[in-house]
Amino acid sequence: MDYWERRWATNQTGWHRQNFNDLLTKHWPNINAPVNGKVLIPLCGKSLDMLWFADIGYDVTGIELAPTAIKEFFADNDMIPECINRGNYNEFSSGSFTILNGNVLDFKPGLIMADAWYDRAAMIALPPQQREKYIKQIAQQTKSGAVGLLITYTYPQNEMPGPPFSLEDKDVRILFSHGFEVEQLERIELEDEKGRGLSSISSSVFKITKK
Ligand SMILES: C[S@@+](CC[C@H](N)C(=O)[O-])C[C@H]1O[C@@H](n2cnc3c(N)ncnc32)[C@H](O)[C@@H]1O
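All of these numbers come straight from a predicted model, not from anything done at the bench. (Residues numbered from 1 in each chain as written. Predicted model: local features only at pLDDT ≥ 70, side-chain atom pairs only at ≥ 80, totals over all residues. Heavy atoms only, no water.)

1. Focus: the overall build of the protein
Just so we agree on the cut-off: Strands here are runs of E lasting at least two residues and helices are runs of H or I lasting at least four, both read from the DSSP assignment and numbered beginning at the N terminus. Radius of gyration means the value over C-alpha atoms here, while the globule rule gives 2.2 Å times the residue count to the 0.38 power. Note on exposure labels: buried denotes an accessible area under 20% of the residue type's maximum, exposed denotes more than 50%, and partly exposed covers the range between, all computed with a 1.4 Å probe on protein chains only. Note on definitions: a residue-residue contact is assigned when non-hydrogen atoms from the two residues lie within 4.5 Å. Each accessible area is a Shrake-Rupley estimate made with a 1.4 Å probe; only the visible protein chains count as cover when residues are assessed.
Along the backbone of the protein there are 6 helices and 9 strands. Relative to a compact globule of 211 residues, whose C-alpha radius of gyration would be 17 Å, the protein shows 16 Å and is just as compact. Evaluated residue by residue, the protein yields a buried proportion of 49% over its 211 residues. Summarising the internal contacts of the protein: among those between residues at least 6 apart in sequence, 67% fall at separations of at least 24. Of the roughly 10200 Å² of accessible surface on the protein, a fraction of 49% belongs to carbon and sulfur atoms.

2. Here we look at the site of the ligand
Operational definition: The nearness test applies per residue and asks whether one of its heavy atoms lies within 4 Å of the molecule or strand. Polar contact is the term for a pair of N or O atoms within 3.5 Å; when the atoms are in protein, one must be able to donate a hydrogen and the other to accept it, and sequence-neighboring residues count only if both atoms are side-chain atoms. Where each domain begins and ends is defined by an automated method or by a domain database.
By nearness alone, 16 residues border the ligand, and Trp8, Leu43, Glu64, Val104 and Arg120 come closest of all. Trp8 places a polar side-chain atom, nitrogen or oxygen, 2.9 Å from an oxygen atom of the ligand. Its free accessible area being 600 Å², the ligand has 95% of it covered by the protein chains. Two domains each donate at least three residues to the shell around the ligand, and these are domain 1 (36-102) and domain 2 (119-211).

3. Digging into the domain arrangement of the protein
Segmenting the protein into domains produces domain 1 (36-102) and domain 2 (119-211). Centre-to-centre separation of domain 1 and domain 2, based on C-alpha positions: 22 Å.

4. A closer look at helix H4 (residues 67-76)
Rule in force here: The arc in question is formed by the directions pointing from the helix axis toward the C-beta atoms.
Listed as buried for H4 are Ala69, Ile70, Phe73 and Phe74. For H4, the angular spread of the buried residues around the axis is 125 degrees, confining them to a single face. Next to the buried residues of H4 lie helix H1 (3-9), helix H3 (49-55), strand E2 (59-64), strand E4 (90-94) and strand E5 (97-101).

5. Overview of the side chain of Thr154
Topologically, Thr154 is positioned in strand E7 (residues 142-154). Engagement of the side chain of Thr154 in a polar contact is seen with the backbone oxygen of Leu167, the distance being 2.8 Å.

6. As for helix H5 (residues 131-140)
Along H5, the positions that sit buried rather than exposed are Arg131, Tyr134, Ile135, Gln137 and Ile138. Looking straight down H5, one finds its buried side chains confined to an arc of 155 degrees; they lie on one side. Across H5 from its buried face, at more than 90 degrees, point the exposed residues Glu132 and Lys136. If you follow the buried residues of H5, they end up packed against strand E1 (38-42), strand E6 (114-120), E7, helix H6 (169-175) and strand E8 (180-189).

7. Quick look at the pattern of salt bridges
Applicable threshold: The salt bridge criterion pairs a side-chain nitrogen of Lys or Arg with a carboxyl oxygen of Asp or Glu, the two atoms within 4 Å.
Summed over the entire model, instances satisfying the criterion amount to 8 salt bridges. One salt bridge in this structure joins Asp76 and Lys46, with 3.1 Å as the shortest N-O distance. Of this pair, Asp76 sits in helix H4 while Lys46 sits in the loop between E1 and H3, placing them 30 residues apart in sequence. Asp76 sits in the partly exposed class, given a relative accessible area of 47%. Judged by relative accessible area, which is 14%, Lys46 ranks as buried. The salt bridge involving Lys170 is made with Asp171; its shortest N-O contact spans 3.6 Å. Here Lys170 falls in the exposed class, since its relative accessible area comes to 53%.

8. A short note on unusual backbone geometry
For the bond running from Gly162 to Pro163, omega is -10 degrees, close enough to zero to count as cis. Tracing the chain through its elements places Pro163 in the loop between E7 and H6. The omega angle of the peptide bond from Pro163 to Pro164 is 0 degrees, so this bond is cis rather than trans. Following the sequence through the fold, Pro164 ends up in the loop between E7 and H6. Positive phi is not limited to glycine here, since Leu43 has a value of about 50 degrees. Residue placement: Leu43 occurs in the loop between E1 and H3. Even without a glycine there, the phi angle at Asp78 is positive, about 55 degrees. Looking at where Asp78 falls in the secondary structure, it is placed in the loop between H4 and strand E3 (82-85).

Have a look at this one:
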């Protein structure tokens, strides 16, 4: 069993929240994201934020490696998804929600073509050496002008093994320097997270626009 499926199978899903993410609800209305359309949520888990997007009129396309997460998302929200085998991945859908079961790095370019995307605990969940490939996927699965909201953590990496992996603000700017515009919206020092034994930890929020 792979690392993430094991985390789901053993209920080690401490990242999962029972509320909508407050940085999402605070910033999304102000970033001029296309209204309605399709929002891509890579590494979606069973995030309730998917419900928030559907409530305001988006079609949601999630990508998730662990079948358990997908099954729990639909079951927890009283939906019975249709499952279609698309060859090298399964597609689960019900109403406004479609979740593709597979590795985010493996999907065919142009498959999704989203108008917007939302990254909470997604890029920072991937090993740092996969970041460039991940951004290439975001570029290949979104339309020109698509707007993304990215939430990161920054902490001394030598004080804790990931995931989540630390991602510095300057590295966000470097990684998205080709084909995107980056605007930092907020940086918050997280005093209450220092209990993990970290000397410092902050969270940053970025608006990222695909040119
Ligand atoms: C830290 S969780 C965050 C989930 C969700 N974004 C949230 O905020 O609740 C990361 C999720 O990504 C999934 N995942 C990890 N690596 C992946 C990959 N390469 N492709 C697709 N999903 C992946 C894991 O199974 C897990 O559900």
